[in-house]
Amino acid sequence: MAVDIVIYHNPECGTSRNVLGLIRNAGIEPHVVEYLKTPPARALLVELIDRAGITPRELLREKGTPYAELALGDASLSDDALVDAMMAHPVLINRPLVVSPLGVKLCRPSEAVLDLLPQAQRGAFAKEDGELVVDASGARVA
């Protein structure tokens, strides 16, 4: 069964690598968008935020970004201003954002992607830190 999954991915991010691994562990080869190299257009970013049911502020990444120097913690900033900042500095877009036929989600923690996969896991999967997420039978570990 062909499944169309898109992951907005940063290969330098462990959570993003774990999500990509979980998608592949379900036998799905996703479309990988390295969003730091190819950021989404503004209209697409706004659509993804809306479809994920989150606010632009919830998609903002603070760690390792110009968040503080741009004073993005200012609660009076509008959603448009926050999206403008993400467009100007794609590193502010938190990751990984996953699009599947079952929805759109910011997959933090990485096992959140399991809710978006229409196919079962094919076997055990452990995160890079060794934490078991899926057991040998393909079942989610509680």
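Analysis parameters
Each chain has its residues counted from 1, running along the sequence as written. This being a predicted model, a pLDDT of at least 70 is required before a residue's local features are given, and a value of 80 or more before pairs of side-chain atoms are given or counted; all residues contribute to the totals for chains, interfaces and linings. Side-chain descriptors were evaluated using all non-hydrogen atoms of the structure, hydrogens and water having been removed beforehand. Any two strands with at least two DSSP-identified bridges between them are counted as paired. Helical segments are the DSSP runs of H or I of at least four residues, strand segments are the runs of E of at least two, and each set is numbered from the N terminus. With strands facing away from the observer, any crossover in which the path from the first strand over the helix to the second runs clockwise is taken as right-handed. Here, nonpolar core refers to any group of buried Ala, Val, Leu, Ile, Met, Phe, Trp, Tyr and Cys residues whose side-chain atoms link them within 4.5 Å. Exposure classes here rest on a 1.4 Å probe applied to the protein chains alone. A residue is buried below 20% of its type maximum, exposed above 50%, and partly exposed in between. Each domain's extent was defined by an automatic or database domain assignment. Contacts: residue pairs with any heavy atoms within 4.5 Å of one another. Regarding the arc, it is the one traced by the directions from the helix axis to the C-beta atoms. A pocket here means an open set of points on a 1 Å grid, computed over the protein atoms alone, that has protein on both sides within 12 Å along at least five of seven lines. A cavity is instead a set of points where a 1.4 Å probe fits but cannot get out; residues with an atom within 4 Å of a point line either one. Grid points are joined across faces, edges and corners, and a volume is the space filled by probe spheres set on the points. Amino acids are sorted into nonpolar (Ala, Val, Leu, Ile, Met, Phe, Trp, Tyr, Cys and Pro), charged (Asp, Glu, Lys and Arg) and polar (every other residue, Gly among them). Summed over both partners, buried area is the accessible surface (1.4 Å probe) that two parts give up on being assembled. Salt bridges are counted wherever a side-chain nitrogen of Lys or Arg sits within 4 Å of a carboxyl oxygen of Asp or Glu. Polar contact criterion, stated in full: a pair of N or O atoms within 3.5 Å, where within protein one must be able to donate a hydrogen and the other to accept it, and residues adjacent in sequence count only if both atoms are side-chain atoms.

Caption draft 1: Just the pairing of strand β2 (residues 31-34), in detail. Inspection of the sheet shows strand β1 (residues 6-9) paired to β2 by four bridges, in the parallel sense. What sits directly across from Y8, in β2, is V33. Following the chain from β1 across helix α1 (residues 14-25) to the adjacent parallel β2, one finds a crossover that is right-handed.

Caption draft 2: Spatial organisation of the nonpolar core. One finds L59 and M86 to be the most contacted residues of the largest nonpolar core, which totals 21 residues. Counting only domains with at least three residues in this core, you end up with domain 1 (1-35 + 96-141) and domain 2 (41-94). Filtering out sequence-adjacent residues up to four positions away, M86 remains in contact with L45, I49, P56, L59, L60, L92 and I93. Formed by 19 residues, the second largest nonpolar core is a distinct cluster that contains A26, V98, V113 and L114.

Caption draft 3: Molecular detail of helix α2 (residues 42-52). The set of residues buried in α2 consists of L45, L48, I49 and A52. Down the axis, α2 shows its buried residues gathered within 100° of arc, on one side only. Facing away from the buried side of α2 by over 90 degrees, the exposed positions are A43 and D50. Remark: G53 follows α2 within two positions and exhibits a positive phi of approximately 70°.

Caption draft 4: How the structure looks around empty space enclosed by the protein. Summed over all chains, the structure comprises one cavity of 30 Å³ or more. Here the largest cavity is characterised by a volume of approximately 40 Å³. In terms of lining, the largest cavity is formed by Y8, Y35, P40, L45, L48, I93, N94 and L97. Looking at side-chain class alone, the lining of the largest cavity contains seven nonpolar, one polar and no charged residues. Structurally, the lining of the largest cavity is a two-domain feature, drawing no fewer than three residues from each of domain 1 (1-35 + 96-141) and domain 2 (41-94).

Caption draft 5: Representation of the domain arrangement of the chain within the structure. We note that the domain assignment places domain 1 (1-35 + 96-141) and domain 2 (41-94) within the chain. Computed from C-alpha atoms alone, the centre-to-centre distance between domain 1 and domain 2 is 23 Å. In this complex, domain 1 contributes nine residues to the contact, which on the side of domain 2 involves 10 residues. Regarding the contact of domain 1 and domain 2, the summed buried area is about 900 Å², with carbon and sulfur atoms giving 66% of it. One can count zero salt bridges joining domain 1 with domain 2. Linking domain 1 with domain 2 are one residue pair in polar contact (both at pLDDT 80 or more).

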